[in-house]
Amino acid sequence: MYSQVFLLILIVILTVPPQVKLIMSANTTEWITRLFEDPDLLRMGHCQRPEDLNLGMGWLYYAVARLVRPETVVVIGSWRGFAPLIYARALADNVEDGKVIFIDPSLVDDFWKAPQQVRDHFARFDITNVEHYLMTTQEFVETDGYRSLGEVGIVFIDGYHSEEQARFDFEAFEPLVPGSGLILMHDSIQRRSSKLYGPDRVYEYSVKDFVDQLKSREDLQVFDLPFANGLTLVRKSIEAR
Ligand SMILES: C[S@@+](CC[C@H](N)C(=O)[O-])C[C@H]1O[C@@H](n2cnc3c(N)ncnc32)[C@H](O)[C@@H]1O
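**Student:** It is not clear to me how the site of the ligand should be interpreted in this structure. Could you clarify?
**Tutor:** Not every one of the 24 residues close to the ligand is listed here, only the nearest: Met44, Gly77, Trp79, Gly159 and Tyr160. Across the shell around the ligand, the residue classes tally to 11 nonpolar, 10 polar and three charged.

**Student:** Can you help me understand the nonpolar core in this one?
**Tutor:** Buried together is how nonpolar side chains tend to be arranged in soluble globular proteins. Judged by nonpolar contacts, the single largest core of 47 residues is most densely connected at Tyr87 and Phe156. Here this core gets nine residues from one element, more than from any other, and that element is helix α5 (residues 82–93). What tyrosine 87 contacts, discounting residues up to four positions off in sequence, is Tyr61, Ala65, Val73, Val75, Val100, Ile154 and Phe156.

**Student:** Mind showing me how you'd approach the sheet that holds strand β2 (residues 99–103) here?
**Tutor:** Strand pairs in the sheet, formed through backbone hydrogen bonds, run parallel or antiparallel to each other. Taken together, seven strands build an open sheet; the order of strands is β3-β2-β1-β4-β5-β9-β8 and the sheet is mixed. If you trace the sheet from one side to the other, it starts and ends with β3 (130–133) and β8 (220–225), each paired once. Each adjacent strand pair in this sheet contributes to an overall mean axis angle of 15°, direction not counted. Inspection of the sheet shows β8 paired to strand β9 (residues 231–236) by six bridges, in the antiparallel sense. Across the sheet, the residue bridging to phenylalanine 223 is leucine 233, located in β9.

Definitions and cut-offs
Residues numbered from 1 in each chain as written. Predicted model: local features only at pLDDT ≥ 70, side-chain atom pairs only at ≥ 80, totals over all residues. Near = placed C-beta within 6 Å. Nonpolar A, V, L, I, M, F, W, Y, C, P; charged D, E, K, R; others polar. Core = buried A, V, L, I, M, F, W, Y, C linked by C-beta atoms within 7 Å. Buried ≥ 20, exposed ≤ 12 C-beta atoms within 10 Å, placed from the backbone. Helix = DSSP H or I, 4+ residues; strand = E, 2+ residues; numbered from the N terminus. Contact = placed C-beta atoms within 7 Å. Pairing = 2+ DSSP bridges. Axes fitted to C-alpha atoms, helices over the stretch in contact; angles between N-to-C directions.

Below, the structure written as C-alpha cells:
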C-alpha cells in the first residue's frame, strides 16, 4: 500500500510541467533574504548589499545563466558558495535540469571537506544541482568527471588568484566553451596581496596579468567591470566560432 502511494507521488513529481516547478521554487526576494541571513554570503567582493537585497555581481551571474541556458556551469573556487548558489539557482529557474560543477579543494579551511555538510549547505537554500569536487583544477582534469564533460556554457574562475593558476583554469575549460558561452574571471582587474590562506602565506593576486595577455588575442572579446576587485567577461569572438 505504502509503496503504491510512494510510486504515485513519484510519478506526479516527475510529470510536473516546468511552469509548475517554477511556481514551486521559492520566489526570488524570499530566497535572497534567506541567502543574506548568512553573513558569510555577503563577503568576498561580489558587491552584495543586504539593505536592498542587492546581489551585486550576482545579478550578472544569474542573468548570464538565464540567457545562455547552459546544461553545465563550472565554478572554480568559492569561500562559502555565493557564486555556485547563484548559478545553481539560475539553472533551476531555467527548468532544463542544468547543473553546476563546483571545484574547490577547501584550502582556506575545512568548510568544503565533508560531503554531507556540503550537500546540507546547498540544500539550506533549496539547491540540489551542485556537484562538488573536493580537489584542485589540476586534479579535476585527470578525472572521468572532466573527461565526460560535454559543452560547458559558463565557466566562473575564482580559485587561486595567481597568473599561473588563472591560466591553468582558463585553458582547462576554454576548449569546452561554445561561441555562445562565457568565461568569467573574478578578482581580475588589479594586483593586491591577500592573506586568505593565512598571515604566513601572503600572496599576490595576479589574475590581471593573465587577463592582459588575453586582451591581445584577436579571437576573444575581453571586457572588464571595475567593481570591487573586478570581474572580467571573456567570450570567443564571432570570427572564432
Ligand atoms: C575563497 S575563494 C576566493 C574568494 C572568492 N572571491 C569568493 O567569492 O568566494 C578561493 C577558493 O579557491 C580554492 N582554490 C585554491 N586553489 C585552487 C585550485 N588550484 N583549484 C581549485 N580551487 C582552488 C580555495 O580552496 C578557496 O576556497
